[in-house]
Amino acid sequence: MAFYVTTPIYYINARPHVGSAYTTIACDALARYHRLRGERVRFLTGTDEHGQKIERAAAERGVAPQVFADEVARSFVEAWPQLSISNDDFVRTTEPRHTAGVQELWRRVRDNGHITLGEYEGWYCVADEAFYTEKELVDGKSPTGRAVERVREPSYFFALSRFQERLLAFYEAHPGFVAPEHRFNEVKAFVRGGLQDLSVSRTTFTWGVKVPDDERHVVYVWFDALANYLTSLGPGEREFWPPSVHVIGKEISRFHAVYWPAFLMAAGYSDDELPRQIYVHGWLTVDGEKMSKSAGNVLDPLKIAAEVSADALRYYLLRAVSFGQDGDFSHEDLLTRINTELGNDLGNLLNRTLGLCAKNTGGLVPSRGEGGDLERALDAALVKAARDAEAALGRIEPHRALDAIFELCREANRYVDKAAPWAEAKRGDAARVGTILATLLSVCEALSVLLSPFLPEKSAEMRRQLALAPLAPREGEDHWPAAPPVRAPGATLSPGQPLFPRIDDDQRRLLLERLTPRRPAAEVAAPPAAPAPTTETNKQDISIDDFGKLDLRVGVVVSAARVPKKDKLLDLRVDLGEPEPRRIVAGLALSFTPEALVGRRVVVVANLAPREFSKGLVSHGMLLAAGPSEDLRLVAVPDGPAPGTRVK
Ligand code: ME8
């Protein structure tokens, strides 16, 4: 069986953010799940690089559109692996394979008589890349609240109105075509309201695919963009057509559920050859507010992943928001769920299980005896979790799948308490202890499979600690547990670090400080007497002798403590190879907890005149670091040179 899933291709006027990460992570979980079931999977994402919006964005930056496109597209290509995205292909609309495919689709639609030349006069919204009728405008703006422009230009028209009846009949015959249902109802209402022919070419700018046989026109960016789902399939990949599901945000459902099937129908595709489903998810706000550049709250998923792990971010996005509904990204909730659900329910279960094995079975996988009601109940919970998660993923409800899987974690934790292996050990019943621990190991193994679509890295780590081979999905092999996994006894378990280390109150404060977006400068009160900037631009060159006056040394932080009443300062002792560690007071407290600094190999300005911060608080040097004070990165020296070694 083949499963073909796509994300929207993202505009390159923005770098990857939590919104684009959200859709991409959801698609990734689906792709990984279907691979695990032994299906042949194709997972496509990419970038939408043409159109007036991009042409203007490039002009604002003063670079050619292609240069701009190459740079921003790279930021997407490089971002996704950092979130463990396993896309099989990445399509860019400026690639020849795509532009040729768009022209071919155009020719087919035109040759079938559905594209004709005319003149467009009406409203256009560059931000939405959409045409609007007078009726659709709200207070002189687009329905999304963006500026519109009056346009009058020669244009090719697609005969969308001809497809109204066929679309409605298709919707009728395919009740799952758009999900969730309320989105489908909106789409149907829109089509029933009457369809106007659609302008599908522009002449007032040039950044796009040339219209075949009429180079004055470029293809309308949505005709161009939607075609990516088709053009990216190479000759050997046609078997993936039609797409199983296009996952999109709600603001682009009209393009996917109306225009796209109509373009395909017009090109000669039969109803059976149209995409199987458009899944429309909701809109994310950030701490209750709309995410936007002007509000300064566009969240960088890579920064969040770097702070709390990609898997924690993936989990949060897919668990905290009911897929299909609008949702809110709350930093507080993210950190709470890391400690409770990921740390307590999942991480502790693995830790406890491996800890009990270390204590009672010499760290080996024990053999499982007959077992009783408790074991049968847990086995049944495992099978139920796998079935419920399967059903939820079939309906594209990852939040419910995670709910079912985490219910198994909680059930297994309750089982440990009820089965009380420590009491059995005290009674000397080693066989019973073995059975309990083998039952728990079986749940942990099943969890490492069930969670792998969502938490690929942590699931791999679980398997490493459980001494299981990495999961290697292969076509035709179904790995989804239908029954509790049974293991031969004897393997040596390999306990390791906690999967999700606990975030204590101090770290929580620090993380909230670091992750919560800052308001644009105009909205915050001017900071009190700002400290001198640490990165002044050099206006004058210095000689090598001047540089030689700096005594830079390798140091190792041996202790660190907060300074009462000074939020930004940490009081450090740094080993510089001198008889006593140096005292250095550094403005690092907004970026690091004291514990995070101990053991770090840093670069110290060792001959800076002592500086007194307050009575008795004297610093005898400075650490080199880069970045804003709430997000500093220390200049570090890798293993090797001993403390005190000169840095030159
Ligand atoms: O629309 N909440 O590209 P785009 C949830 N190029 N999802 C969000 C989001 C948010 N706050 N912000 C963005 C385009 N998204 C076209 C698509 S497809 C042929 C062409 C996600 O860069 C969501 O999936 O504006 C949304 O549909 C998509 O990013 C829009 O990306």
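Residues numbered from 1 in each chain as written. Predicted model: local features only at pLDDT ≥ 70, side-chain atom pairs only at ≥ 80, totals over all residues. Heavy atoms only, no water.

**Considerations on the overall build of the protein chain**
Okay, so step 1: In terms of regular secondary structure, the protein chain is built from 20 helices and 25 strands.
Okay, so step 2: If one aligns the C-alpha atoms of the protein chain with their principal axes, the spans along those axes are about 85 × 80 × 45 Å.
Okay, so step 3: Residue pairs at least 24 apart in sequence account for 75% of intrachain contacts in the protein chain once pairs closer than 6 positions are excluded.
Okay, so step 4: Of the roughly 29400 Å² of accessible surface on the protein chain, a fraction of 52% belongs to carbon and sulfur atoms. (Helix = DSSP H or I, 4+ residues; strand = E, 2+ residues; numbered from the N terminus. Contact = heavy atoms within 4.5 Å. Areas by Shrake-Rupley, 256 points an atom, 1.4 Å probe, with all protein chains shown as cover.)

**Quick notes on the nonpolar core**
Okay, so step 1: Ranked by internal contacts, the top residues of the largest apolar core, which has 178 residues, are Phe158, Tyr171, Tyr220, Leu346 and Leu447.
Okay, so step 2: Residues from two domains meet in this core; each of domain 1 (2–281) and domain 2 (330–522) gives at least three.
Okay, so step 3: Grouped together as the second largest cluster of nonpolar side chains are 18 residues, Val574, Leu597, Leu632 and Leu634 included. (Core = buried A, V, L, I, M, F, W, Y, C linked by side-chain atoms within 4.5 Å. Buried < 20%, exposed > 50% of the residue type's maximum accessible area, 1.4 Å probe, protein only. Domains from an automatic or database assignment.)

**Quick notes on the site of the ligand**
Okay, so step 1: Taken together, 22 residues form the shell around the ligand, and within it Ile9, Thr23, Asp48, Glu251 and Leu284 come nearest.
Okay, so step 2: Within the contact set of the ligand, an oxygen atom lies 2.9 Å away from a backbone nitrogen or oxygen of Tyr11.
Okay, so step 3: Between a nitrogen atom of the ligand and a main-chain N or O atom of Leu284, the distance comes to 2.9 Å.
Okay, so step 4: Relative to its unbound accessible surface of 680 Å², the ligand loses 92% to contact with the protein.
Okay, so step 5: Among the secondary structure elements, those contributing two or more residues to the shell around the ligand are β2 (10–11), α1 (18–36), α7 (221–226) and α8 (228–231).
Okay, so step 6: At three residues, α7 tops the list of elements feeding residues into the shell around the ligand. (Near = heavy atom within 4 Å. Polar contact = N/O pair within 3.5 Å; in protein donor to acceptor, adjacent residues only side chain to side chain.)

**Overview of the sheet that holds strand β19 (residues 582–586)**
Okay, so step 1: A sheet is described by the order of its strands in space; here five strands give the open sequence β19-β18-β17-β20-β23, paired in antiparallel fashion. Looking at strand neighbours, the two that pair on one side only are β19 and β23 (622–623), the edges of this open sheet. (Pairing = 2+ DSSP bridges.)

**Quick word on the environment of Arg61**
Okay, so step 1: On the secondary structure map, Arg61 appears in helix α2 (residues 52–61).
Okay, so step 2: Given the relative accessible area of 43%, Arg61 is considered partly exposed.
Okay, so step 3: What Arg61 contacts, discounting residues up to four positions off in sequence, is Phe68 and Glu71.

**Considerations on the sheet that holds strand β7 (residues 149–158)**
Okay, so step 1: The strand order β6-β5-β7-β9 describes an open sheet built from four strands, whose pairing is antiparallel. The sheet terminates laterally at β6 (130–132) and β9 (198–199), the two strands that pair on one side only.
Okay, so step 2: In the sheet, strand β5 (residues 115–125) pairs with β7 via ten bridges, with the strands oriented antiparallel. Following the sheet pairing, Leu117 is matched in β7 by Tyr156.
Okay, so step 3: Each of β6, β7 and β9 touches helix α9 (residues 253–266); the most contacted strand, β7, lies at about 35° to it. (Axes fitted to C-alpha atoms, helices over the stretch in contact; angles between N-to-C directions.)

**Here's the deal with helix α3 (residues 65–82)**
Okay, so step 1: Taking 1.5 Å per residue, 18 residues should reach 26 Å; α3 reaches 26 Å between its end C-alpha atoms and fits that length.
Okay, so step 2: Listed as buried for α3 are Phe68, Ala69, Val72, Ala73, Ser75, Phe76, Ala79 and Trp80. For α3, the arc enclosing every buried residue in end-on projection is 145°, short of the 170-degree limit, so these residues lie on one face.
Okay, so step 3: Residues of α3 that are buried make contact with β2, α1, β3 (40–48), α2, β4 (89–92) and α10 (301–308).
Okay, so step 4: The positive-phi residue at the C-terminal boundary of α3 is Ser84, with phi of around 60°. (Expected span 1.5 Å × (residues − 1). Arc of directions from axis to C-beta.)

**Re the pairing of strand β20 (residues 601–605)**
Okay, so step 1: Counted residue by residue, β20 has five buried out of five residues, so it is predominantly covered.
Okay, so step 2: Bridging between β20 and β23 involves two bridges; their strand directions are antiparallel. Paired with Val604 across the bridge in β23 is Leu623.

**Things to note about a nonpolar patch on the surface**
Okay, so step 1: Judged by side-chain polarity, Ile542, Ile544, Phe547 and Leu550 come together as a nonpolar surface patch covering roughly 400 Å² of accessible area.
Okay, so step 2: Here Phe547 is to be found in helix α19 (residues 544–548).
Okay, so step 3: What makes Phe547 partly exposed here is its relative accessible area of 35%. (Patch = residues over 30% accessible without salt bridge, like charges linked within 9 Å, V, L, I, M, F, W, Y side chains within 5 Å. Salt bridge = Lys/Arg side-chain N within 4 Å of Asp/Glu carboxyl O.)

**With respect to the domain arrangement of the protein chain**
Reports of interface size often rely on the accessible area that becomes lost once the parts have come together.
Okay, so step 1: What the domain assignment reports for the protein chain is domain 1 (2–281), domain 2 (330–522) and domain 3 (544–634).
Okay, so step 2: Each of domain 2 and domain 3 has a C-alpha centre, and the two are 41 Å apart.
Okay, so step 3: Domain 2 puts seven residues into the contact, and the matching count from domain 3 is nine residues.
Okay, so step 4: Carbon and sulfur atoms make up 51% of the surface buried where domain 2 meets domain 3, a total of about 640 Å² over both sides.
Okay, so step 5: When residues of domain 2 are sorted by the area they lose upon contact with domain 3, Asp506, Leu510 and Arg514 head the list and together hold 60% of the total.
Okay, so step 6: Taken together, the connections running from domain 2 to domain 3 amount to one salt bridge.
Okay, so step 7: In this structure, Asp506 and Arg562 form a salt bridge, with 3.9 Å as the shortest nitrogen-oxygen distance.
Okay, so step 8: Considering only residue class, the side of domain 2 that touches domain 3 consists of one nonpolar, one polar and five charged. (Buried area = accessible area lost by both parts, 1.4 Å probe. Nonpolar A, V, L, I, M, F, W, Y, C, P; charged D, E, K, R; others polar.)

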